[in-house]
Amino acid sequence: MYLLLGDPQDPLCLSVCAALEARHYPTRIIANPLVQPARLAWRLNNEHSASQLGWAEGPLLSDDDISGVLVRSPGWLDPTGWQPEDLAYMQAETQAALLAWLWSLACPVVNRYPAAIWYQ
């Protein structure tokens, strides 16, 4: 499975998705793998990292099931219902977790943001 992290209406994500699917590669566009409807379970320690990514429908993907990732968005949260200071905190924590998870994947990750960009 190829994951495209970005807005489902992003023209680049749609174009890459169409190109991959034309070659019969399973592909999924995800706005943010750390919020619903996606579910990410990640276990890591000093020696090993393993994750599973799932949705309400379909099977869980393990790290080995992910063939590649294209990052188009840092996974923003919907600000509705958040107090500004709480939103800023949760956004920073979510982005840190996403950054760490992307670096833990063994597959190619295109446009993997360096930590300095996420912590401005």
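Attention in this report is confined to the structure presented alongside it. This structure is a prediction, so every number in the text was calculated from the model and none was measured. (Residues numbered from 1 in each chain as written. Predicted model: local features only at pLDDT ≥ 70, side-chain atom pairs only at ≥ 80, totals over all residues. Heavy atoms only, no water.)

## Quick notes on the packing of aromatic side chains
Stage number 1. Tallying each qualifying case throughout the model produces 1 aromatic pair.
Stage number 2. Ring centres of Tyr2 and Tyr25 lie 5.4 Å apart, and the angle between their planes is 70 degrees; on these two criteria the pair is classed as edge-to-face. Here the residue Tyr2 occupies a position in strand 1 (residues 2-5), and Tyr25 occupies one in the loop between helix 1 (11-22) and strand 2 (27-30), the gap between them amounting to 23 residues.
Stage number 3. Over the face of the ring belonging to Trp55 we find Arg28, whose NZ or CZ atom lies 4.1 Å from the ring centre.
Stage number 4. Above the ring of Trp103, the side-chain terminus of Arg112 is found at 4.3 Å from the ring centroid. (Phe/Tyr/Trp six-rings, centres within 6.5 Å; stacked < 30°, edge-to-face > 60°. Helix = DSSP H or I, 4+ residues; strand = E, 2+ residues; numbered from the N terminus. Lys NZ or Arg CZ within 6 Å of the ring centre and 35° of its normal.)

## Points about the pairing of strand 4 (residues 49-54)
Stage number 1. Bridge count between strand 3 (residues 39-44) and strand 4: 6 bridges; the pairing is antiparallel. Across the sheet, residue Leu40 finds its bridge partner in strand 4, namely Leu53.
Stage number 2. Count of turn residues in the strand 3/strand 4 antiparallel hairpin: 4 residues.
Stage number 3. Two elements, strand 4 and strand 5 (residues 61-62), share 2 bridges in a ladder whose sense is antiparallel. Counterpart to Leu53 in the pairing with strand 5 is Leu61.
Stage number 4. Counted along the chain from strand 4 to the antiparallel partner strand 5, the turn is 6 residues long, and its residue Gly58 has a positive phi close to 90 degrees. (Pairing = 2+ DSSP bridges.)

## Examining unusual backbone geometry
Stage number 1. A cis amide bond links Gln36 with the next residue in sequence, Pro37, at an omega value of 10 degrees.
Stage number 2. Position of Pro37 relative to the elements: it lies in the loop between strand 2 and strand 3.
Stage number 3. With phi around 65 degrees, His24 is a residue other than glycine that occupies positive phi space.
Stage number 4. Note that His24 resides in the loop between helix 1 and strand 2.
Stage number 5. In this model, Asn111 sits at a positive phi of 70 degrees, which is unusual for a non-glycine residue.

## As for the side chain of Thr94
Stage number 1. With respect to the secondary-structure elements, Thr94 resides in helix 2 (residues 84-104).
Stage number 2. Owing to a relative accessible area of 10%, Thr94 belongs among the buried residues under this scheme.
Stage number 3. Not counting residues within four places of it along the chain, the set of residues in contact with Thr94 comprises Asn32, Leu34, Gly75 and Leu77. (Buried < 20%, exposed > 50% of the residue type's maximum accessible area, 1.4 Å probe, protein only. Contact = heavy atoms within 4.5 Å.)

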